[in-house]
Amino acid sequence: MKKIFVINGGQKFAQSGGRYNESLTKITVDFFGKAKGFKVKTTNINDSYDPHEEALKFVWADVIIYHTPIWWFQLPHKFKAYIDHVFEHGEVYDGDGRSSANPAINYGTGGLLKGKKYMVTTSWNAPKEAFTLPGEFFRQKSVDEGVLFGFHRMNAFLGLEPLQGIHFHDIVKNGNAERDMTDYRAHLEHIFATQEGTYV
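First things first, this report covers the structure right here in the doc. (Residues numbered from 1 in each chain as written. Predicted model: local features only at pLDDT ≥ 70, side-chain atom pairs only at ≥ 80, totals over all residues. Heavy atoms only, no water.)

### Quick look at the pairing of strand E2 (residues 38-44)
At step 1: Sheet topology note: the strand E1 (residues 2-8)/E2 ladder contains seven bridges and is parallel. Across the sheet, residue Lys3 finds its bridge partner in E2, namely Lys39.
At step 2: Viewed along the sheet, the connection from E1 through helix H1 (residues 19-34) into E2 turns out right-handed. (Pairing = 2+ DSSP bridges. Helix = DSSP H or I, 4+ residues; strand = E, 2+ residues; numbered from the N terminus. Right-handed = clockwise from strand over helix to strand, strands pointing away.)

And the structure:
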């Protein structure tokens, strides 16, 4: 039985109603609910939560799936606050991995979630071409190499290994939610086998 922890980081704020990431979260929960051999827990960062209980969800899970928009090239502030409060508890890491005998090496190896995996989806107003075309805004740096670099290192610090994520672009000015949700279902099918609850 594989255990999946799904985090909806789609904060409701200003013009954002959070519906896009709510839809992604629902598709994720439905996907694993229909597949054999999976258990699912969820968190919505807009709801109240107990940080210690949330930390225990990370310990419980085999795979953590994060759904988040990107605001001003960062996580929404409530999602970042969630991470700060939850990771403060000792369940997910035991120091930074260094020893006083040789403090120059092994930084970032103190994570207690080794052997577990994570996947991230992001949603953007920026078009895909802003990341890929010469002279465009992100200077041909991918989402994962650029804006999400720190997010991926955060997960590595905990001991988590990445599964291939998926990023959705141009959802404000030129959005096609139906296409995106179809693409996301196909992505889940590609990453996770539905037979006997195994995953790649």
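From this point, the discussion proceeds with the structure in view.
### What to know about the layout of surface pockets
At step 1: In this structure, the largest pocket spans a volume of roughly 840 Å³.
At step 2: In terms of lining residues, the largest pocket is bounded by 27 residues, among which Gln15, Ser16, Trp71, Asn125 and Val172 are the most central.
At step 3: With three residues, the single largest contributor to the lining of the largest pocket is H1.
At step 4: Considering only residue class, the lining of the largest pocket consists of 15 nonpolar, 11 polar and one charged. (1 Å grid on protein atoms, 1.4 Å probe; cavity = no way out; pocket = protein on both sides within 12 Å on 5 of 7 lines; lining within 4 Å. Points joined across faces, edges and corners; volume = space filled by probe spheres on them. Nonpolar A, V, L, I, M, F, W, Y, C, P; charged D, E, K, R; others polar.)

### Structural notes on the packing of H1 against helix H6 (residues 177-191)
At step 1: The interhelical angle for the contact between H1 and H6, taken along N-to-C directions, is 35°, at an axis separation of 11 Å. With respect to the hand of their crossing, H1 and H6 are arranged in right-handed fashion. Contact residues: H1 offers Tyr20, Ser23, Leu24, Ile27, Thr28 and Phe31, while H6 offers Asp180, Met181, Tyr184, Arg185, Leu188 and Glu189.
At step 2: Its residues assigned to classes, the contact of H1 with H6 shows seven nonpolar, two polar and three charged. (Axes fitted to C-alpha atoms, helices over the stretch in contact; angles between N-to-C directions. Left-handed = near helix turned anticlockwise from the far one by under 90°. Contact = heavy atoms within 4.5 Å.)

### Points about the environment of His167
At step 1: One can find His167 in strand E6 (residues 166-168).
At step 2: Under the relative-accessibility criterion, His167 is labelled buried at 18%.
At step 3: Along the sequence, His167 and Ile70 sit 97 residues apart, while their C-alpha atoms lie 10 Å from each other.
At step 4: Not counting residues up to four positions away in its chain, the partners in contact with His167 are Thr122, Val143, Asp144 and Leu148.
At step 5: At 2.6 Å, the side chain of His167 and the side chain of Thr122 are in polar contact.
At step 6: Separated by 3.0 Å, the side chains of His167 and Asp144 make a polar contact. (Buried < 20%, exposed > 50% of the residue type's maximum accessible area, 1.4 Å probe, protein only. Polar contact = N/O pair within 3.5 Å; in protein donor to acceptor, adjacent residues only side chain to side chain.)

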